[in-house]
Amino acid sequence: DSFGNIYEKSPREMHERIASEIERIEQKYPNPLPKEEVFALLDHFRYVIPQGGPMTGIGNNFQVASLSNCFVIGHKNPADSYGGIFRMDEEGGAPSEPLPAGEQPFEPVVDREM
């Protein structure tokens, strides 16, 4: 939490928290996924790997956290905040200055082995 208390001691405990929260939301819809099925998707990071913000925030009643992993880089006026993200989106999402000569944009790494 925001005060440094540790409530989960393993990835399994984190996955159980996330699966419980997803199960709670699923109950609002027809044919809801049970917790065990959601957990199986998360377990050992095999099929679904939420990013840091969602892993921290989903079902966490001890801390207010963003469920988004958006951040702003490459802008002359850094604005890594909700307002900055929306402003960059409104401006087209591109940096206001071109990349330096020879520098390539970031290419995400995708692990295709599952």
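Scroll up to find the structure.
Just so we're clear, the structure is a prediction, and the values are computed from it rather than from any experiment. (Residues numbered from 1 in each chain as written. Predicted model: local features only at pLDDT ≥ 70, side-chain atom pairs only at ≥ 80, totals over all residues. Heavy atoms only, no water.)

Novice: Requested: an account of the overall build of the chain, with residues and values cited.
Specialist: The helix and strand tally for the chain stands at four helices and zero strands. For the chain, the sequential pattern of α-helices and β-strands runs α-α-α-α. The burial tally for the chain puts 18% of its 114 residues in the buried class. Here the contacts in the chain between residues at least 6 apart in sequence split such that 31% fall between residues at least 24 apart. (Helix = DSSP H or I, 4+ residues; strand = E, 2+ residues; numbered from the N terminus. Buried < 20%, exposed > 50% of the residue type's maximum accessible area, 1.4 Å probe, protein only. Contact = heavy atoms within 4.5 Å.)

Novice: Could you give an account of unusual backbone geometry, naming the residues involved and the relevant values?
Specialist: A positive phi angle, near 55 degrees, is found at N31, a position not held by glycine. Here N31 shows up in the loop between α1 (11-26) and α2 (35-42). Owing to a relative accessible area of 74%, N31 belongs among the exposed residues under this scheme. Positive phi values are uncommon outside glycine, yet H44 reaches one of about 60 degrees. Here H44 shows up in the loop between α2 and α3 (52-57). The exposed category is assigned to H44, whose relative accessible area is 57%.

Novice: Explain the packing of aromatic side chains to me, using residue names and the numbers behind them.
Specialist: By convention here, two paired aromatic rings are described through the distance between centres and the angle between planes. Scanning all chains against the criterion turns up one aromatic pair. Where Y7 meets F62, the ring centres are 3.8 Å apart and the plane angle is 5 degrees; that geometry is what we call stacked. Taken together, the positions of Y7 in the segment before α1 and F62 in the loop between α3 and α4 (82-90) put the pair 55 residues apart, joining distant regions of the chain. What makes Y7 partly exposed here is its relative accessible area of 41%. (Phe/Tyr/Trp six-rings, centres within 6.5 Å; stacked < 30°, edge-to-face > 60°.)

Novice: Just give me the short version of the environment of E21, but keep the residues and values in it.
Specialist: For E21, the position within the fold is in helix α1. C-alpha of E21 to C-alpha of V38: the two residues are 17 residues apart in sequence and 9.9 Å apart in space. Beyond its immediate stretch of four places on either side in the chain, E21 contacts I58 and G59.

Novice: A description of α2 should follow, citing residues and the corresponding values.
Specialist: Burial in α2 covers these residues: V38, F39 and L42. Projection of α2 onto a plane perpendicular to its axis shows the buried side chains occupying an angular sector of 100 degrees, all on one side. Buried residues along α2 sit in contact with α1. At the C-terminal side of α2, H44 shows a positive phi close to 60 degrees. (Arc of directions from axis to C-beta.)

Novice: Tell me about the environment of P50, and name the residues and values.
Specialist: In this structure, P50 sits in the loop between α2 and α3. On a C-alpha basis, the gap between P50 and H15 in space is 10.0 Å, while along the polypeptide they are 35 residues apart. Apart from residues no more than four positions distant in its own chain, P50 is found in contact with L42 and M55.

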